[in-house]
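What the coordinates show
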Amino acid sequence: MGGLTEPQRRKLRLAIESDARRTADAIDPVRRKYLGMKLNQQDGAWPERMKEFRADVEACRKQLGLLSSGESLFMKALPTTLAPEQHARLATETDASLDFLWRTIVARVMVQFDDVLGLDEKQHENLESLLLAERPQLPSGGRSRLTAIQLGPQLVALSLTRIEKDRLASAVSPRQENLLRSFTNTFSDLRQILEHQALPQKER
């Protein structure tokens with residue numbers, strides 16, 4: 001982030017260091033818990049140990065996700081640290097970056113739709129336009145962006161549920177519309193799945 005004064009840099013650096021220290025303090029005890037541990041699948045305790053391990057991994061993943069969330073000290077410090085014009089420029093750049101991320105996700109899923117639905121060029125353009133207009137709240141952090149790409153089909157399915165029936169029907173044929181509805185039904189409890197992965201962020 002360019003154009004920062006030294007006091008601004010110092011304040012934001014302290015926030016980043018505090019976030020990193022808090023995250024390390026939360027993760028280190030879990031890491032130490034498994035140092036030198038050897039698990040045997042023949043051990044009767046294996047299923048319970050694996051369940052506990054997965055829960056610990058998920059808890060650590062959530063801690064890492066907080067580094068780029070609105071709950072981090074760094075993100076909370078930005079509005080009071082940056083000048084109005086700096087904050088506006090950051091918001092514009094962030095929105096453009098998230099727009100590019102969403103376009104990337106939609107483009108990847110549209111390739112699958114072309115194969116499965118047999119979309120012609122006009123249908124492809126219409127459906128893509130509808131999806132791009134329903135961008136969910138995406139994460140701005142690097143690790144969460146990767147998760148967003150990996151969960152692209154789920155995010156697109158969630159956006160499909162937000163498109164009015166008449167608008168979707170005008171973009172594709174009845175057969176294709178039914179296939180798209182089946183696609184969304186494939187991902188039951190969409191919001192719960194995505195929020196479990198810290199996606200999408202809360203609606204504005």
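Counting of residues starts from 1 at the beginning of each chain's written sequence and follows it residue by residue. At least 70 in pLDDT is required for a residue's local features to be given in this predicted model, at least 80 for side-chain atom pairs to be given and counted, and no such filter applies to totals for whole chains, interfaces and linings, which use all residues. Hydrogens are left out, water is left out, and the side-chain values use all remaining heavy atoms of the structure.

1. Thoughts on the overall build of the protein
Numbered from the N terminus, helices here are DSSP runs of H or I no shorter than four residues, and strands are runs of E no shorter than two. The secondary structure content of the protein amounts to 10 helices and zero strands. Starting at the N terminus, the α and β elements of the protein follow one another as α-α-α-α-α-α-α-α-α-α. Looking at the protein residue by residue over its 204 residues, the buried ones come to 35%. Considering only contacts within the protein whose residues lie at least 6 apart along the sequence, 74% involve residues at least 24 apart. When a residue's accessible area, from a 1.4 Å probe over protein chains only, is under 20% of the maximum for its type it is buried; when over 50% it is exposed; and in between it is partly exposed. Note on contacts: a residue pair qualifies if any of its non-hydrogen atoms lie within 4.5 Å across the two residues.

2. Observations concerning the pattern of salt bridges
Each reported salt bridge corresponds to a side-chain nitrogen of Lys or Arg within 4 Å of a carboxyl oxygen of Asp or Glu. Taken as a whole and judged by the stated rule, the model has 10 salt bridges. The partner of Asp 95 in a salt bridge is Arg 135, with the nearest N and O atoms 2.9 Å apart. Of this pair, Asp 95 sits in helix H4 (residues 84–117) while Arg 135 sits in the loop between helix H5 (121–132) and helix H6 (142–150); the two residues are 40 residues apart in sequence, bridging distant segments of the chain. Judged by its relative accessible area of 38%, Asp 95 is partly exposed. The salt bridge partner of Glu 134 is Arg 167, with a shortest N-O separation of 3.8 Å. One end of the pair, Glu 134, is in the loop between H5 and H6; the other, Arg 167, is in helix H8 (residues 165–171), with 33 residues separating them in the sequence. When its relative accessible area of 17% is taken as the criterion, Glu 134 is described as buried. Residues participating in the shared-partner salt-bridge network are Lys 33, Glu 52 and Asp 56.

3. Focus on the nonpolar core
Buried Ala, Val, Leu, Ile, Met, Phe, Trp, Tyr and Cys residues that are joined via side-chain atoms within 4.5 Å together make up what is termed a nonpolar core. Among the nonpolar cores identified, the biggest contains 25 residues, and Phe 113, Leu 127, Leu 131, Val 156, Leu 160 and Leu 180 are the most heavily contacted of them. Among the elements of the structure, H4, H5, helix H7 (152–162), H8 and helix H9 (174–186) are those that each provide at least two residues to this core. The greatest single-element share of this core, amounting to nine residues, is contributed by H4. Leave out the neighbours within four places in its chain, and Leu 160 touches Phe 113, Leu 127, Leu 131, Leu 168, Leu 180, Arg 181, Phe 183 and Thr 184. Listed in part, the seven residues of the second largest apolar core include Leu 12, Ala 15, Phe 74 and Ala 77.

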